[in-house]
Structures are given as C-alpha cells and as structure tokens.
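Each chain is listed here by its residues.
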Amino acid sequence: MKIVYIILGVAAVVFIGVQVFFMNGQRNIETYPYKVNKKYKDFELRSYEATLFTAVNMSGNKYKESSSKGFSVLAGYIFGGNKKNEKIAMTSPVAMLLGDSTTMMFMVPKKFNKETLPQPNESQIKFREEPAKTVAAISFGGWANDEKIEKYKQELTNALNREGVKYTNRFYFLGYNAPFEVLNRKNEIIVELESIDYDVTK
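Residues numbered from 1 in each chain as written. Predicted model: local features only at pLDDT ≥ 70, side-chain atom pairs only at ≥ 80, totals over all residues. Heavy atoms only, no water.

> So what's going on with the pattern of salt bridges? Which residues, and what values?
Side chains that differ in sign of charge can pair as their charged atoms come close. Counted under the stated rule, the structure contains 11 salt bridges. A salt bridge links R162 to D42, with the nearest nitrogen and oxygen atoms 3.3 Å apart. Residue R162 is found in helix α3 (residues 146–163), and its partner D42 is found in the loop between β2 (34–39) and β3 (44–48); the two are separated by 120 residues along the sequence. The class for D42 is partly exposed, based on a relative accessible area of 38%. The partner of K133 in a salt bridge is E130, and the shortest N-O contact between them spans 2.3 Å. Judged by its relative accessible area of 3%, E130 is buried. Look at the salt bridges and you will find they share partners, linking K39, E44, R46, K186 and E188 into a network. (Salt bridge = Lys/Arg side-chain N within 4 Å of Asp/Glu carboxyl O. Helix = DSSP H or I, 4+ residues; strand = E, 2+ residues; numbered from the N terminus. Buried < 20%, exposed > 50% of the residue type's maximum accessible area, 1.4 Å probe, protein only.)

Next comes the structure, spelled out in structure tokens:
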C-alpha cells in the first residue's frame, strides 16, 4: 500500500509540473491582437487587427475530425514541413471558421509576412489575410466538442438578438490551450458583426 501511495504522489507531482509548464508557456505565446469595445453580461464586442494566418480547408464540419486533421497539417508546417525546413513559433488561439466545411487557421507571428514565410510542403496549406473586423465573443471552459460549440453559438446569437446587435453568418471557434492542458481551459465562439452600427456607450 505504501508503494501505491508513493506512485500516486509521484504521478501527482508530474501532473502538476506538466500543467504549470504549459501555463507558463502560454504567457510567452504571441496572441491574436484585439481591443474590447464593450462588455455585456454574456458576451463582449471586440475589434481585431488585420492578421495573417496559415490555413487549411477541411471538407467536413465535425469539430473532432476537422480539428484533429487540420491541426496535424498546420502543425507539420510550423514544425519544419516547409521548403526551408524552418520552425515557426506556435501562436494562440487556434481558429476554425465554422460552416458546411471548416477552415483551420494558425496565426502567423508578426515577424513574418506573405513574402518572408517559407513555402509549405503541403499544397493544401494557404496563406490567408484576415482583414480587420469587429466581432462579438462568448467564452466557455473545458474541452470543446460539437455540442458545446453549437450550444454557445446559439447562446451568443440569442444574446445578440436581445441586444439588437446585427451579425453575419461568419462564426469562428477559438481554442487557447494545448490538448494536454487540463487546468484553466479557455474556448470562444466569435461572430463577425454586420457593421459598426452599435452604440458602445449604451
């Protein structure tokens, strides 16, 4: 029994160490820059800067399958699967454009532009310039799945309808954590607004 307690104790220490490592690593990761325009009870309005992404389109629209395949393709590129065999720093969050198909996107670190990014070995990877945009965002914790994504997408649209904020059909999922992270997991659903026609002082 004593050996069991020792093993459990060692496992707990390793688990805590891994989680602290990932949390510290998150603080040093470059993130998708935005400004909060207004906070509501259930969501907030943000302005995002124009930003360059690497992207891969997936034919399916199921979160687990599309995110796994898309992440694998883009991770291969930034880990050296390109014409220069160059490693590119991971950024946060990982984004997915939701729809009948899905597009997985990794933000490109600011030091690169389309001309200086190494060309991918995989032809399906494209460089995608996301324009400056105004969005509404809602957050949720834990691990994401199709049911949660649909639930919070609906909660966001219901809240926007109550407040009279007009939105488009361009919804994104944003995931902020590595798969191995257990603590303080953060996910978001954002949707692009039709135009900046809201009153932030209201």
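> Could you give an account of the environment of K133, naming the residues involved and the relevant values?
By the element assignment, K133 lies in strand β9 (residues 133–140). Spatially, the C-alpha atom of K133 lies 9.4 Å from that of Y34, the residues being 99 residues apart in sequence. Ignoring any residue separated from it by four or fewer positions in sequence, one finds K133 in contact with Y32, R46, S47, Y48, Y172 and E192. Among the polar contacts listed, one links the side chain of K133 to the side chain of Y172, at a separation of 3.1 Å. (Contact = heavy atoms within 4.5 Å. Polar contact = N/O pair within 3.5 Å; in protein donor to acceptor, adjacent residues only side chain to side chain.)

> Any details on the pairing of β2? Residues and values, ideally.
Regular strands place side chains that alternate from one sheet face to the opposite one. Note that β2 and β3 share five bridges and pair antiparallel. Within β3, the position partnered with K38 by the bridge is L45. Linkage of β2 to β3, two consecutive antiparallel strands, is achieved through a turn of four residues. (Pairing = 2+ DSSP bridges.)

> Account for the sheet that holds β3, naming residues and giving values.
Backbone hydrogen bonds hold the strands of a sheet together, and the pairing may be parallel or antiparallel. The strand order β2-β3-β9-β11-β10-β6-β7-β4-β8 describes an open sheet built from nine strands, whose pairing is antiparallel. In this open sheet, the two strands that pair with only one neighbour each are β2 and β8 (126–130). Averaged over all neighbouring strand pairs, the angle between strand axes comes to 35 degrees, with direction disregarded. Across the sheet, helix α2 (residues 63–78) lies against β4 (51–58), β6 (94–98), β7 (102–107), β8 and β10 (167–175), angled at about 35 degrees from β7, the strand it touches most. Packed on one face of the sheet, α3 meets β6, β9, β10 and β11 (187–193) and runs near 125 degrees to β9. (Axes fitted to C-alpha atoms, helices over the stretch in contact; angles between N-to-C directions.)

> How would you summarise the environment of V135 if you had to cite specific residues and measurements?
Along the polypeptide, V135 turns up in strand β9. Judged by its relative accessible area of 0%, V135 falls in the buried class. For the pair V135 and Y172, spaced 37 residues apart in sequence, the C-alpha separation works out to 10.0 Å. Setting aside residues up to four positions removed in sequence, V135 forms contacts with E44, L45, R46, Y48, I190, V191, E192 and L193.

> I'd like a rundown of α3, residues and numbers included.
With 18 residues, α3 should reach 26 Å at 1.5 Å per residue; the first-to-last C-alpha distance of 26 Å fits that figure. Burial in α3 covers these residues: I149, Y152, L156, T157, A159 and L160. Projection of α3 onto a plane perpendicular to its axis shows the buried side chains occupying an angular sector of 160 degrees, all on one side. Within α3, the exposed residues directed more than 90 degrees away from the buried face are E147 and R162. In this structure, the buried residues of α3 make contact with α2, β6, β9, β10 and β11. Capping the start of α3 is the job of one residue whose side-chain oxygen sits 3.1 Å from the backbone nitrogen of E147: N145. Remark: G164 follows α3 within two positions and exhibits a positive phi of approximately 70 degrees. (Expected span 1.5 Å × (residues − 1). Arc of directions from axis to C-beta.)

Don't take any of this as a statement about function, it's just geometry.
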